[in-house]
Amino acid sequence: MSETLGDFLSERDCGEHLLLSFSKGSLPLKERWRNNSLTADFLADYAITFFPAGRGDDTRALKRQREIKDSVSYIANELLENGLKYHEGGAAHDLNIRFEIHSDRLVISQTNVTGASRAERLRHLARELLEEDIDTLFLQRLENTDETSAGLGLITILHDHGAALAWRLSPLPNALHAVTTQATLILNPEEE
Amino acid sequence: MSDAPAPIVGENHRALFDPAQGVARIEGSFRLNGLEEYRPLMQALLQLCEQCDQVTLDLRALDFLNSSGIAMLSKFALEMRARDALKLSILASDSIPWQGKSLKNIQRLLPTLELRFE
């Protein structure tokens, strides 16, 4: 039985979407790291196809395009960095990232496999992010950067990019969990 | 004057230091893995601060900075807050959306920071 934290949107009826799946394979994390940016930039470039800037002098549309690209690239990169860092599934489980494009929102969902203790830490972090005041949490994290910056990445997604976060944890054999972190970015058509 | 900190150059990023002008130009996409990998950049910035009374971080060509990089910038700002004799400025770009959002947070940590957008 899966458990969800936050307002998790199911994959059904998702319309336009893209799904990329990665095997962890034999390369060490350090050597795979650059692929996060390739994937994040690819998703960001892919997204703007659906939000054309029109004529060259349409500065408002161009600005909106730049903002969408900037946020998609940041969010996808952070989710992939976390996914790679905490993936414990070995060769039997892939990591994946799913990108849904709607006229009013973009949804980026990243799934990886973790053990029980990471799943528990994630539940704790998720509750903190869903229940506490984000601005206060954010300043606390910035003041205490000696701690892991993983929490900071998610808080920046909420605080600076205005996305909502939700999680789904699904049990797998051998005390593993498939963990999906989902970021939903609401698009404002009136954006100046 | 002591030597300038050595440039930091990667596949998609670079940082160049000019102690004569008190400027660090940080450019491209910085997506290093964790604070540990940002340590050389942090050390270079602190070295520049030893050499100058006034330091400007020129980020106008910094297209992307991951959360570990934001953590490093915060740590650097806190370090500057502790040394209130040194004046820190950041030159930012209006046309790079994350800068408008995330650099203002750095200013909250260091209210004396001069943040200029062009």
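As shown above, the structure is provided for reference.
Please read these numbers as outputs of a predicted model, since none were measured by experiment.

### Concerning the overall build of chain A
Then, in step 1: If you tally the helices and strands in chain A, you get five helices and six strands.
Then, in step 2: When the helices and strands of chain A are read in sequence order from the N terminus, they spell out β-β-α-α-β-β-α-α-α-β-β.
Then, in step 3: For a compact globule of 192 residues, the expected C-alpha radius of gyration is about 16 Å, and chain A comes in at 17 Å, within 12% of that figure.
Then, in step 4: Dimensions along the principal axes, computed over C-alpha positions, put chain A at roughly 55 × 35 × 35 Å.
Then, in step 5: Buried positions account for 52% of the 192 residues belonging to chain A.
Then, in step 6: Of the contacts formed within chain A by residues at least 6 apart in sequence, a portion of 72% connects residues at least 24 apart.

### Notes on the interface of chain A and chain B
Where the parts come together, the accessible area they lose is often given as the size of the interface.
Then, in step 1: Residue-level contacts link 31 residues of chain A with 27 residues of chain B.
Then, in step 2: Carbon and sulfur atoms supply 47% of the area buried between chain A and chain B, which totals about 2,400 Å² over both sides.
Then, in step 3: Scanning the region where chain A abuts chain B turns up four salt bridges.
Then, in step 4: Linking A:E143 and B:R81 is a salt bridge whose minimum nitrogen-to-oxygen distance equals 3.0 Å.
Then, in step 5: The tally of links from chain A across to chain B stands at twelve residue pairs in polar contact (both at pLDDT 80 or more).
Then, in step 6: Of all elements in the fold, only α1 (29-48), α2 (59-86), α4 (134-143) and α5 (150-159) of chain A reach the threshold of two or more residues within the side of chain A that touches chain B.
Then, in step 7: At ten residues, α2(A) tops the list of elements feeding residues into the side of chain A that touches chain B.
Then, in step 8: Grouping the constituent residues of the side of chain A that touches chain B by class yields eight nonpolar, ten polar and 13 charged.

### Some thoughts on the packing of aromatic side chains
Then, in step 1: Following the criterion strictly, the structure yields four aromatic pairs over all chains and no others.
Then, in step 2: Their ring planes at 50° and their centres at 5.7 Å tell us that A:Y46 and A:F50 sit as a pair that is tilted.
Then, in step 3: On the basis of an interplanar angle of 35° and a centroid distance of 6.3 Å, the ring pair of B:F30 and B:Y38 is categorised as tilted.
Then, in step 4: One aromatic cluster in this structure is built from A:F42, A:Y46 and A:F50.
Then, in step 5: A cation over an aromatic ring shows up here: A:R118 above the ring of A:Y86, its NZ or CZ 3.6 Å from the ring centre.

### Some points on the environment of B:M42
Residues and elements named next belong to chain B.
Then, in step 1: Its location among the elements puts M42 in helix α1 (residues 34-51).
Then, in step 2: Here M42 falls in the buried class, since its relative accessible area comes to 9%.
Then, in step 3: In sequence terms M42 and D94 are 52 residues apart; their C-alpha atoms lie 25 Å from each other.
Then, in step 4: Every residue in contact with M42, bar those within four places of it in the chain, is listed here: M72, K75 and F76.

### Description of the pattern of salt bridges
Residues and elements named next belong to chain B.
Then, in step 1: Using the criterion set out here, one finds 20 salt bridges over all chains in the structure.
Then, in step 2: Linking R39 and E36 is a salt bridge whose minimum nitrogen-to-oxygen distance equals 3.2 Å. Of this pair, R39 and E36 both sit in helix α1, three residues apart, which is roughly one turn of that helix.
Then, in step 3: Residue class for E36 comes out exposed when judged on its relative accessible area of 52%.
Then, in step 4: Among the ionic pairs, R60 bridges to E118, the shortest N-O distance being 2.8 Å. Of this pair, R60 sits in the loop between β4 (54-58) and β5 (62-65) while E118 sits in the segment after β7 (114-117), and the two are 58 residues apart along the sequence.

### Notes on the packing of α4(A) against helix α3 (residues 97-109) of chain B
Helix-helix packing is described using two parameters, namely the angle between the two axes and the distance between the axes.
Then, in step 1: At a minimum axis distance of 11 Å, the contact between α4(A) and α3(B) shows a crossing angle of 70°. By the angle between their axes, α4(A) is roughly perpendicular relative to α3(B). The way α4(A) lies across α3(B) gives a crossing that is right-handed. Residue-level inspection shows A:D135, A:F138, A:L139, A:L142 and A:E143 of α4(A) in contact with α3(B), the latter providing B:N105, B:R108 and B:L109.
Then, in step 2: Partitioned by chemical class, the residues of the contact of α4(A) with α3(B) number four nonpolar, one polar and three charged.

Conventions we followed
- Residues numbered from 1 in each chain as written.
- Chains lettered and ligands numbered in written order.
- Predicted model: local features only at pLDDT ≥ 70, side-chain atom pairs only at ≥ 80, totals over all residues.
- Heavy atoms only, no water.
- Helix = DSSP H or I, 4+ residues; strand = E, 2+ residues; numbered from the N terminus.
- Rg over C-alpha atoms; globule rule 2.2 N^0.38 Å.
- Buried < 20%, exposed > 50% of the residue type's maximum accessible area, 1.4 Å probe, protein only.
- Contact = heavy atoms within 4.5 Å.
- Buried area = accessible area lost by both parts, 1.4 Å probe.
- Salt bridge = Lys/Arg side-chain N within 4 Å of Asp/Glu carboxyl O.
- Polar contact = N/O pair within 3.5 Å; in protein donor to acceptor, adjacent residues only side chain to side chain.
- Nonpolar A, V, L, I, M, F, W, Y, C, P; charged D, E, K, R; others polar.
- Phe/Tyr/Trp six-rings, centres within 6.5 Å; stacked < 30°, edge-to-face > 60°.
- Lys NZ or Arg CZ within 6 Å of the ring centre and 35° of its normal.
- Axes fitted to C-alpha atoms, helices over the stretch in contact; angles between N-to-C directions.
- Parallel < 35°, antiparallel > 145°, perpendicular 65-115°, else oblique.
- Left-handed = near helix turned anticlockwise from the far one by under 90°.

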